[in-house]
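Chains, contacts and geometry: an overview
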Amino acid sequence: MATLYVMAGIMHFVKPKVYLRIMPPYLPNPKLLNKIAGLAEIILGLGLLHESTRSLAAWGIILLLVAVFPANLYMYQKKSKGIPEWALLIRLPLQLVLIFWAYLYT
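Residues numbered from 1 in each chain as written. Predicted model: local features only at pLDDT ≥ 70, side-chain atom pairs only at ≥ 80, totals over all residues. Heavy atoms only, no water.

Attention now moves to the nonpolar core. Grouped together as the largest cluster of nonpolar side chains are 13 residues, with contacts concentrated most on M1, Y5, L44, L48, I61, L65 and A102. Going through the elements one at a time, α1 (2–14), α4 (51–78) and α5 (85–103) are the ones with two or more residues in this core. When residues in this core are grouped by element, the largest group, six residues, is from α4. With residues near it in sequence (within four places) discarded, A102 still touches M1, A58, I61 and I62. (Core = buried A, V, L, I, M, F, W, Y, C linked by side-chain atoms within 4.5 Å. Buried < 20%, exposed > 50% of the residue type's maximum accessible area, 1.4 Å probe, protein only. Helix = DSSP H or I, 4+ residues; strand = E, 2+ residues; numbered from the N terminus. Contact = heavy atoms within 4.5 Å.)

Below, the structure written as structure tokens:
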């Protein structure tokens, strides 16, 4: 799980356009929000590696997953190019699976 979040966080900086495209237009300063989300994913992913910070990092991941849900919903509503509609739809309940997975670390 730590690797998943650290790599996802790094991708916010390597391929920012991918993340900027899926941000709902009502969110202010998408570039800054993308950097904050990427940094949060990296820090929280690393936090999972240490026993002393694991629970706190897992709660942070849960909050982050809740916070980014609007972007996933926006992707589905917008029918993001290049991604099949079924994949966008599956991604919505997948958030619950990821939240449960993170909860196992609390």
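From this point on, the discussion continues.
On to the packing of aromatic side chains. Within the structure shown, the criterion is met by one aromatic pair. A centroid spacing of 5.7 Å and a plane angle of 80 degrees characterise the contact between W59 and Y103, whose relative ring orientation is edge-to-face. Placement of W59 in helix α4 and of Y103 in helix α5 is noted, with a sequence separation of 44 residues between them. Accessibility expressed as a relative area gives 43% for W59, which makes it partly exposed. Here K79 stacks its cationic end above the ring of Y76, 3.9 Å away from the centre of that ring. (Phe/Tyr/Trp six-rings, centres within 6.5 Å; stacked < 30°, edge-to-face > 60°. Lys NZ or Arg CZ within 6 Å of the ring centre and 35° of its normal.)

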